Amino acid sequence: MQIRKHIAGPKVEIHVEGRLDANWASHLESYLNETIRQGARHVLLNLGRLKYISSAGIRVLLTTFKQLKSAKGSFVLSQPSPAVKSVIDMVGLDSLFHDSRESQDQTGSLPQPVRTFDRLPGSFRVYRNPSSTKSAQSWHLVGSPHLLHSGGYTGSECRAIHFPVDVLGLGLGAFGNGYEDCIPRFGEFLAVAGHVVCQSVDSPDTPDFMIGESSFIPEAQVLYMMAGTGDFPFFMEFQGQEEGMDIPLSAIGDVAMEVCGADAVSFACLGEVSGLVGYGYRRSPVLAAHPDEIFSYPSILDWIHYRSEPACQGAITLAVGIASRRVDMLASFTRPLDRDKSILGHVHAAVFPYRPLAGGYQELRECLEVLFQGQEPIGLIHLLSDLQRINGAGESKLARGICWTSPIELTEETSR
Amino acid sequence: MNSPKAAAPPMLDLHGVRKVFHPGTPYKVVALDGISLEVEKGSFVIIIGTNGSGKSALLNAIAGSVPFESGRISLMGRDITGWPEHLRSKYIGRVFQNPLMGTITELTVAENLVLSSSRSTLRSLRTAVTRRSMNDIKDRVASLKLGLETRLNEKMGALSGGQRQALTLLMATWTGPDLLLLDEHTAALDPKSAELVLHLSEQIISHERMTAIMVTHSIQQAVNLGDRLVMMHRGRIAHDDTGPDKQRLRVRELLSRFEMIRCGEQVDQNAAVMLAEQII
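Residue positions are counted from 1 within each chain, in the order its sequence is given. The order in which chains are written sets their letters, starting at A; the order in which ligands are written sets their numbers, starting at 1. Per-residue local features are limited, in this predicted model, to residues with pLDDT of at least 70; the limit for side-chain atom pairs, both in listing and counting, is 80 or more; totals at the level of whole chains, interfaces and linings are taken over all residues.

A few points about the overall build of chain A
Helix and strand assignments follow DSSP, with helices taken as H or I runs no shorter than four residues and strands as E runs no shorter than two, numbered in order from the N terminus. Helix and strand content of chain A: eleven helices and 23 strands. Compactness check: chain A gives a C-alpha radius of gyration of 23 Å against a globular reference of 22 Å for 416 residues, within 12% of the reference. Dimensions along the principal axes, computed over C-alpha positions, put chain A at roughly 75 × 50 × 40 Å. Think of it this way: build a C-beta for each residue from its backbone, and any pair within 7 Å is a contact. Relative to all contacts within chain A whose residues are 6 or more apart in sequence, the contacts with residues 24 or more apart total 77%. We compute the radius of gyration from the C-alpha atoms alone; for a globule the expected value is 2.2 Å times N to the 0.38, where N is the number of residues.

Regarding the overall build of chain B
Looking only at helices and strands, chain B has ten helices and ten strands in total. Taking the principal axes of its C-alpha atoms as reference, chain B extends roughly 75 × 45 × 40 Å. In this scheme every C-beta is placed from the backbone, and a residue whose C-beta has 20 or more other C-beta atoms within 10 Å is buried, one with 12 or fewer is exposed, and one in between is partly exposed. Counting all 280 residues of chain B, 38% fall into the buried class. Look at the contacts in chain B between residues 6 or more apart in sequence, and 70% of them connect residues 24 or more apart.

Section: the domain arrangement of chain A
Residues and elements named next belong to chain A. Marked domain ranges trace back to an automatic or database domain assignment. Taken as a whole, chain A is organised into domain 1 (2-107) and domain 2 (110-416). For domain 1 versus domain 2, the separation of C-alpha centres amounts to 36 Å. Contacts between the two partners involve nine residues from domain 1 and, on the opposite side, eight residues from domain 2. As a working rule, the residues Ala, Val, Leu, Ile, Met, Phe, Trp, Tyr, Cys and Pro are called nonpolar, Asp, Glu, Lys and Arg charged, and the rest polar, with Gly in that last group. Split by residue class, the side of domain 1 that touches domain 2 holds three nonpolar, four polar and two charged.

Here's the deal with the nonpolar core
Under the definition applied here, buried Ala, Val, Leu, Ile, Met, Phe, Trp, Tyr and Cys residues are grouped into a nonpolar core through C-beta atoms within 7 Å. The biggest cluster of nonpolar side chains holds 104 residues, and the ones touching the most others in it are Ile252, Ala256, Val265 and Ile304 of chain A. It is helix H7 (residues 249-260) of chain A that contributes the most residues to this core, eight residues altogether. Ile304 of chain A has contacts with Tyr279, Tyr281, Arg282 and Ile294 of chain A together with Leu275 and Ile279 of chain B, leaving out every residue within four places of it along the chain. Ranked by size, the runner-up nonpolar core spans 63 residues in total, among them Leu37, Val45, Ile48 and Phe96 of chain B.

Side note on helix H9 (residues 251-266) of chain B
Helix span, as expected, comes to 1.5 Å for every residue beyond the first. Its 16 residues place the ends of H9 of chain B 23 Å apart at the C-alpha level, agreeing with the 22 Å of an ideal helix rising 1.5 Å per residue. For H9 of chain B, the set of buried residues is Arg257, Met260, Ile261 and Gly264 of chain B. The buried residues of H9 of chain B all sit within an arc of 95° when viewed along its axis, so they share a single face. In H9 of chain B, the exposed positions angled more than 90 degrees off the buried face are occupied by Leu255 and Arg262 of chain B. Lining the buried residues of H9 of chain B we find helix H9 (300-303) and strand S18 (304-306) of chain A together with strand S9 (228-233) and strand S10 (236-242) of chain B. The directions considered for the arc run from the helix axis to the C-beta atoms.

Some details on the interface of chain B and chain A
Taken together, the contact pairs 18 residues of chain B with 21 residues of chain A. Among the secondary structure elements, those contributing two or more residues to the side of chain B that touches chain A are H9 and helix H10 (269-278) of chain B. For the side of chain B that touches chain A, the element with the highest residue contribution is H10 of chain B, accounting for eight residues. Among the residues forming the side of chain B that touches chain A, the class breakdown is ten nonpolar, six polar and two charged.

So, the sheet that holds strand S1 (residues 2-8) of chain A
All names here are of chain A. Taken together, the four strands give an open sheet; going across it, the order is S1-S2-S3-S4, and neighbouring strands pair in mixed fashion. Unpaired on one side and paired on the other, S1 and strand S4 (74-78) mark the two borders of the sheet. The mean inter-strand angle of the sheet, taken between neighbouring strand axes irrespective of direction, is 20°. Pairing between two strands requires that DSSP report at least two bridges joining them. As paired elements, strand S3 (residues 42-53) and S4 share five bridges and run parallel to each other. Each residue of the ladder has a partner; that of Leu45, found in S4, is Leu77. To obtain each axis, a line is fitted to C-alpha atoms, and for helices this fit is confined to the stretch in contact; angles are then taken between N-to-C directions over 0 to 180 degrees. Sitting on the sheet, helix H1 (residues 22-37) is in contact with S1, strand S2 (11-20) and S3, with an inclination near 175° to S2.

What to know about unusual backbone geometry
All names here are of chain A. A cis geometry characterises the amide bond from Leu120 onward to Pro121, with omega recorded as 5°. For Pro121, the location among the structural elements is in the loop between strand S5 (115-119) and strand S6 (122-128). Between Tyr297 and the following residue, Pro298, the backbone shows a cis peptide bond with an omega angle of 0°. Within the element layout of this structure, Pro298 appears in the loop between helix H8 (292-295) and H9.

Things to note about the sheet that holds strand S7 (residues 179-183) of chain B
In sheet architecture, strand pairing relies on hydrogen bonds along the backbone and comes in two forms, parallel and antiparallel. Residues and elements named next belong to chain B. Read across the open sheet, the six strands follow the order S6-S7-S8-S3-S9-S10; overall the sheet is mixed. At either margin of the open sheet sits one strand with a lone partner, and together these are strand S6 (92-95) and S10. Between one strand axis and the next, the sheet turns by 15° as a mean value, whatever way the strands run. Relative to strand S8 (residues 211-216), strand S3 (residues 44-49) is paired through five bridges, and the arrangement is parallel. Its bridge partner being in S8, Phe44 is matched across the sheet by Ala212. Strand contacts of helix H5 (residues 161-173): S6 and S7, with the helix running at about 175° to S6, the strand carrying the most contacts.

This is the structure:
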């Protein structure tokens, strides 16, 4: 089989020639996947010289269609031979011969960018969230993070917290019935838009998660967390200015602060990973007989899992966190993200298998629903910047992505 | 999951077993770093770990092939810490990686088997291969279903590695030992023979309800065999899964555990200081 590609603006036309049978289907599939990974969202598959298609080929057409549909793209077939057309018609995929966007073009009603700017290495397009009602999110500290260092947690520190759609959270917690039940499982978690992901200390590849639906609101047992309430007034799309230019986390925080006109922001970022640097617990930290065990070498290796090299390349991440320039207010809860130590942050990142992300303005909750549909997170990492000059793994970086952001105001802890 | 502890002592009980190679030299290696491990009767434990993690040192400590610095080992409630290897071998059967180690090349198959069957009672080459013992041997060898019962008078050296290892397995379990140690016993075999010997091992262990400890390099074997999985690293037990936790383990998860261990190896003291500062 021969495959040729023509790129015309945002559209990619791919010509296939020969037989699309089981022998060649996976070849075409990986070719299409690679094309989508490179950013193509509207793909036209020209079947003019395709002589034969088997069910293996049909399956590739269908999975590609689904992938691009979930990314708000399009996948259209053209010029099939009568034989190929009749097979595709008979399996009910004849709708693929029509560009579905033409019938339901909604670009008029979607928000358009209000601002674009290039700041090396990234290029950012900024949108306003038309349904946002607040100018800033209200954040507060729940519990005592310092107990991790000074003497550990007891049952009285643990509280059951609900995470409705408008609550964000990142901290130390677990799913379960009360403190005793969660003792062996406490780890990092993130909560955003009714989706809660908890690190699983005994198998790092399978974090547990809960999704709020209709009247169900996820609940987690929390030892401490930073929690925010409100929506995100701003949305931005970003990508490297050139192929191979990756966007460090600090740059996303930096631009988010500029977009929000604030020196402390929260963000929820969905992006294609170039490399994540971060740690997770290997054992529930409340099991430590003495907190020094967790923080001193070499016993730290029994408690903390850390990769000294960027990981998860090619995956999708949902990174939720805060970024700030205010050393005074958030010092106990943030750490430097960039080498200049001018941008501080606290970010937890859930990792998912690759799937193409849509372009243009999007609603956070809708995006998360698509993200969690039919696939599960494969990791949860507390991102850090390893700024050791020679041996350091540096910052986490994304190739491209989208990000919802909001200014934050800090309030005193409210008891729940 | 916390089932009430049986009143009977565990089949094997290791407490704080420590073994150091080349102590007091720059080449000092802590092979076993105070290992404690209880193995219940009838349990089939798989031990997996990176090179130098202490897997074989652990089997050697149990079998008594090398002395260790400190700690205690009990078998069926008897303290065997001070027992020499040949005394322990009365109760502990062992199969090594090298098929040549378990059998004597120059003797016939039957002679090898008689030698091992008399291990716990009388160890003498003068023991004749009597008609009665010959019939017994024939039956047992036939149970392997390898057709070796017709080759009992051939020299052991004439058999393939897989056949020899199968016979070694038979010999190691002949007298119904309290504990069977399998030390990467299929690593030196071709894939087909390895599959055969593994199958036989599983059959014998489950049929005789034997307590067994098997060291392996193969993640696939670790996933598919046994009811308990102990993962070792640097002379310590890094993971210990049993029951449903063992059953749910898959290759991907074990690979990720090895990957975590690899990552941990790369974290030096400086990185650890950096890391400790970042933990919130």
